[in-house]
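Close look at the chain arrangement
What follows is the residue order along each chain.
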Amino acid sequence: MDKPEAKYNVGVALSGGGAHGFAHIGALVALEEAGFKPDIIAGVSAGSVIAVLYASGMTPAQMLELFANRKFNDFAKFSLGNGSIFSAERFKNFIMKAIEPRETFEDMSIKTVICATDFDNGAPHIFDKGSLADPMLASCSIPIVFPPVVIDGVRYVDGGVLRNMPSWSIRDKCRVLIGVNVSPVKPVPGAKESGILDIALHTYNLMAKSNQKADMKICDIAIETPEISTYQVFNLKDMQKVYRSGYLNTRRTLKKMGLWKQAAANQPKNTNQSSSTRENDIQK
């Protein structure tokens, strides 16, 4: 677990997963309670969005409030062309407005890494310098659903196409690496995709799930959220349930590894709410 030569102490890698990404917020809450504050954070797709919001200084509560009462149509505009069904410019503008005045990787309070797929050369790609907006959008651009994003003359698409878990991008940079996977491999019985959007999403999910196993294995702490597999990836109505799953599974994983008491013992006392009280609230 310990890599003394690494530049950063704790690294957190957040997988892709659409609306399942709200589980990342719950996971970050549990990690904070246990004393695991990331010094570097990496994200793919939905994970890149949460990474950007968190590294900008936004609290988990503020992130949940940001998406409260929102729908997919608030972020995506029907726009056939460029090999896609929707445009996601609305979403990019929404996120960048939320983190104003921050605009670049260098503006982040935590070292941030975004992973996307180089569509032209068929390779995973790391962004960690310069403007945030287009790399984040590229990392979320599921092929067919959203168009590729052109950066410096190269087309990029969703990072989950080749590597849905970005642990590989920061493994050598941190002493302790925590991976949070919100794209469970568990199949959904009776699922029948019929429309072009459903088929495109199911195809993407199959690719993402098949390529993340190896990258989860290189994490020192690997957190999974199996029960959220039944929730739709573009439906925000189950946001609170998905959030709770991330929190509870992270807490259970740390307890199972014997790390909860060990880490929490070094954590400053929270005079407002104990972690046990928070867990009871989240389970309600």
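Given the structure is predicted, the values throughout are model-derived calculations rather than measurements.

Parameters at a glance
Residues numbered from 1 in each chain as written. Predicted model: local features only at pLDDT ≥ 70, side-chain atom pairs only at ≥ 80, totals over all residues. Heavy atoms only, no water. pLDDT = per-residue confidence, 0-100. Contact = heavy atoms within 4.5 Å. 1 Å grid on protein atoms, 1.4 Å probe; cavity = no way out; pocket = protein on both sides within 12 Å on 5 of 7 lines; lining within 4 Å. Points joined across faces, edges and corners; volume = space filled by probe spheres on them. Helix = DSSP H or I, 4+ residues; strand = E, 2+ residues; numbered from the N terminus. Salt bridge = Lys/Arg side-chain N within 4 Å of Asp/Glu carboxyl O. Buried < 20%, exposed > 50% of the residue type's maximum accessible area, 1.4 Å probe, protein only.

1. Some details on the confidence of the model for the protein
Reading predicted coordinates in detail is not appropriate for stretches of low pLDDT. Scored by pLDDT, the protein has a mean of 87; 86% of the residues are at 70 or more. Low pLDDT, under 50, characterises residues 266-284; the stretch is placed with 26 contacts to residues that sit more than four places away or in other chains.

2. Some points on empty space enclosed by the protein
What the rule picks out here adds up to two cavities of 30 Å³ or more. There is about 400 Å³ of room inside the largest cavity. Together, 21 residues line the largest cavity, and Gly-18, Ala-19, Ala-46, Phe-91 and Phe-234 are the ones closest to its centre. Elements supplying a minimum of two residues to the lining of the largest cavity: α2 (46-55) and α4 (72-75). It is α2 that provides the largest number of residues to the lining of the largest cavity, a total of three residues.

3. Examining the pattern of salt bridges
Within the structure shown, the criterion is met by ten salt bridges. Note that Arg-163 and Asp-215 form a salt bridge whose closest N and O atoms lie 2.8 Å from each other. A residue pair is termed long-range when its members are at least 10 positions apart, and Arg-163 in the loop between β8 (154-157) and β9 (174-181) and Asp-215 in helix α8 (residues 213-217) qualify at 52 residues. Under the relative-accessibility criterion, Arg-163 is labelled partly exposed at 28%. Here Asp-238 ties to Lys-237 by a salt bridge, and the two come within 3.4 Å at their closest N and O atoms. The buried category is assigned to Asp-238, whose relative accessible area is 13%. What emerges from the salt-bridge pattern is a single network uniting Glu-89, Lys-92 and Asp-134.

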